[in-house]
Amino acid sequence: MEKPIITSQLKQLRWPQNQPLDDYQLVRQAQMRAYELQGNASIDLTSRISFNHGAVDIARLGEYQTVATVVDDAGNSAEYRVTITIVAPQSMPQQGTQPTQLQTPTTAPQPSKAHSKKPWLVAGVILAVLLLGFFGLRSCHNQKAQQANNAQQSSQISQNSSSIAKLKRQNSATRNQLKALRQAVQDYQQDQNQQALQSQLNDLKAQNAALKTQVQTQLDQQRLWNLNNAIDNISSHPNQAGRYLDNVEDNAVFSTPWSDYLNNVERWANWN
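Residues numbered from 1 in each chain as written. Predicted model: local features only at pLDDT ≥ 70, side-chain atom pairs only at ≥ 80, totals over all residues. Heavy atoms only, no water.

This part covers the pattern of salt bridges. Here the structure, examined in full by the defined rule, presents 2 salt bridges. Notably, a salt bridge pairs Asp-73 with Arg-48, separated by 2.6 Å at the nearest N-O pair. Linking Asp-73 in the loop between β6 (62–71) and β7 (77–87) with Arg-48 in the loop between β4 (41–44) and β5 (50–51), this pair joins segments that are 25 residues apart in sequence. A salt bridge links Asp-232 to Lys-205; its shortest N-O distance comes to 2.9 Å. Remark: Lys-205 occurs in helix α3 (residues 194–212) and Asp-232 occurs in helix α4 (residues 218–236); sequence separation between them is 27 residues. Taking the relative accessible area as the measure of exposure, Asp-232 reaches 36% and is therefore partly exposed. On the basis of relative accessible area, Lys-205 is assigned to the partly exposed category, the value being 32%. (Salt bridge = Lys/Arg side-chain N within 4 Å of Asp/Glu carboxyl O. Helix = DSSP H or I, 4+ residues; strand = E, 2+ residues; numbered from the N terminus. Buried < 20%, exposed > 50% of the residue type's maximum accessible area, 1.4 Å probe, protein only.)

Listed below in C-alpha cells is the structure:
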C-alpha cells in the first residue's frame, strides 16, 4: 500500500473574516483531491482532508500558512501547504444566479375531425399502462437493492465504529505517556531528585513496551519510538531533560490532525 497523495488546483485561498473555517468549503475552493493507490485501484480520500485551524487567526486580516492533512486507514499521512488569506466579508465575490429561461410550450395542432382522436387516445392509454408497469417494476427492484445496501452499510458502520474507538484509545494512551513524561521532567526540575526521575522513566519504558504490542498504526508505533528515545536521552542527560522533552512535543507525530480526524469520523459514524 502506497502513501496518500494530495493534489490541488490552488495554493492560495480567501476566507471571510470571523467566519469559522470549514474544511469542506476550503477543499472545494482549492479544488483539492486526496487519494492512494492500491494495486491498480485508486482509493478516494478527499473527504478525510482536514486543515490546521490553529494556524489561522480568523479575527485578523492577513495571510496565514497552514497545512492540509489526510490520513489513510493504515495511519499513513500526506500534507499539502496552502496560504489562507483572511479578508473583509464584503470583499468576497458574490455568487450570482443565472436566470432561468422559460420555454413556451408548443401546442400540437388539433385534428379537424372528431373521429381522428380515438386511435391516438387508445395508443396513449396503452403507452401509459406500459410505462407505469415498467417504472413500477424498476422501483420495486431499486427498493430491494436499497434495503440490501442499507443493511450492508449498517453492518460496516458498526464495525468501523468499533475500530475507531480502539484507535482512539490507543491514540489517547500514547498521548498520556507523553503527558506522564512531561510531569516527570517538571518534578525533576523542581526537586532535582534524580533517583525519583529514573524510577519514573523506568516505569514509562515498561508501560511503552506493553503498549507497543497493542497499537495498530504506524503513527502510534512512531510515537512510542520517539518517547523511548527521549526517555533514554533524559536518563543519560537529566540536566537537558527540558530540551529532549521539547523535541518530542514538537515532533509532527504528536500534532492534532490525527486526533481531530478520529473525532470527526467517530461523530460521522454515530450520526449515521
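Taking 1.5 Å per residue as the helical rise, α4 with its 19 residues ought to reach 27 Å, and the 27 Å between its terminal C-alpha atoms agrees with that figure. Here α4 has its buried residues at Leu-219, Asp-220, Arg-223, Leu-224, Asn-226, Leu-227, Asn-228, Ala-230, Ile-231 and Ile-234. (Expected span 1.5 Å × (residues − 1).)

A word on the sheet that holds strand β1 (residues 5–7). Read across the sheet, 3 strands follow the order β1-β3-β4 without closing on themselves; strand pairing throughout is antiparallel. The open sheet is flanked by β1 and β4, the only strands paired with a single partner. On average, adjacent strands in this sheet sit at an angle of 35 degrees to one another, irrespective of strand direction. Pairing of strand β3 (residues 33–38) with β4, which is carried by 4 bridges, proceeds in the antiparallel orientation. Bridged to Glu-36 within β4 is Ile-43. (Pairing = 2+ DSSP bridges. Axes fitted to C-alpha atoms, helices over the stretch in contact; angles between N-to-C directions.)

Taken together, the side chains of Leu-127, Leu-131, Phe-134 and Phe-135 present a nonpolar region at the surface, about 410 Å² in accessible area. Checked against the element boundaries, Leu-127 lands in helix α2 (residues 117–191). (Patch = residues over 30% accessible without salt bridge, like charges linked within 9 Å, V, L, I, M, F, W, Y side chains within 5 Å. Areas by Shrake-Rupley, 256 points an atom, 1.4 Å probe, with all protein chains shown as cover.)

Right, let's talk about unusual backbone geometry for a bit. Of note, Asn-18 is a non-glycine position whose phi angle comes to about 70 degrees, a positive value. Assignment of secondary structure puts Asn-18 in the loop between β2 (12–16) and α1 (23–30). The backbone phi angle of Gln-31 is positive, close to 50 degrees, even though this residue is not glycine. Inspection of the secondary structure puts Gln-31 in the loop between α1 and β3. By relative accessible area, Gln-31 is classed as exposed at 52%.

Another point: the sheet that holds β2. With mixed pairing, the 4 strands of this open sheet are ordered in space as β2-β7-β6-β5. The open sheet has two free edges, formed respectively by β2 and β5, since each of these has just one partner strand. The pairing of β5 with β6 spans 2 bridges and is antiparallel. Counted as the bridge partner of Ser-50 is Thr-69 from β6.

Overall, the coordinates contain 1 aromatic pair when judged by the stated rule. Seen in terms of ring centroids, Phe-134 and Phe-135 are 5.2 Å apart; in terms of plane orientation they differ by 75 degrees. Their pairing is edge-to-face. Judged by relative accessible area, Phe-134 falls into the partly exposed class, the value being 46%. Positioned above the aromatic ring of Tyr-244, the side-chain terminus of Arg-243 is 4.6 Å from the ring centre. (Phe/Tyr/Trp six-rings, centres within 6.5 Å; stacked < 30°, edge-to-face > 60°. Lys NZ or Arg CZ within 6 Å of the ring centre and 35° of its normal.)

Attention shifts here to the packing of α4 against helix α5 (residues 241–250). Here α4 crosses α5 at 170 degrees, and the two axes come no closer than 9 Å. Of the possible angle classes, the one that applies to α4 and α5 is roughly antiparallel. Facing α4, whose interface residues are Asn-226, Leu-227, Ala-230, Asn-233 and Ile-234, α5 presents Ala-241, Tyr-244 and Val-248. Here the contact of α4 with α5 is composed, by residue class, of 6 nonpolar, 2 polar and no charged. (Parallel < 35°, antiparallel > 145°, perpendicular 65-115°, else oblique. Contact = heavy atoms within 4.5 Å. Nonpolar A, V, L, I, M, F, W, Y, C, P; charged D, E, K, R; others polar.)

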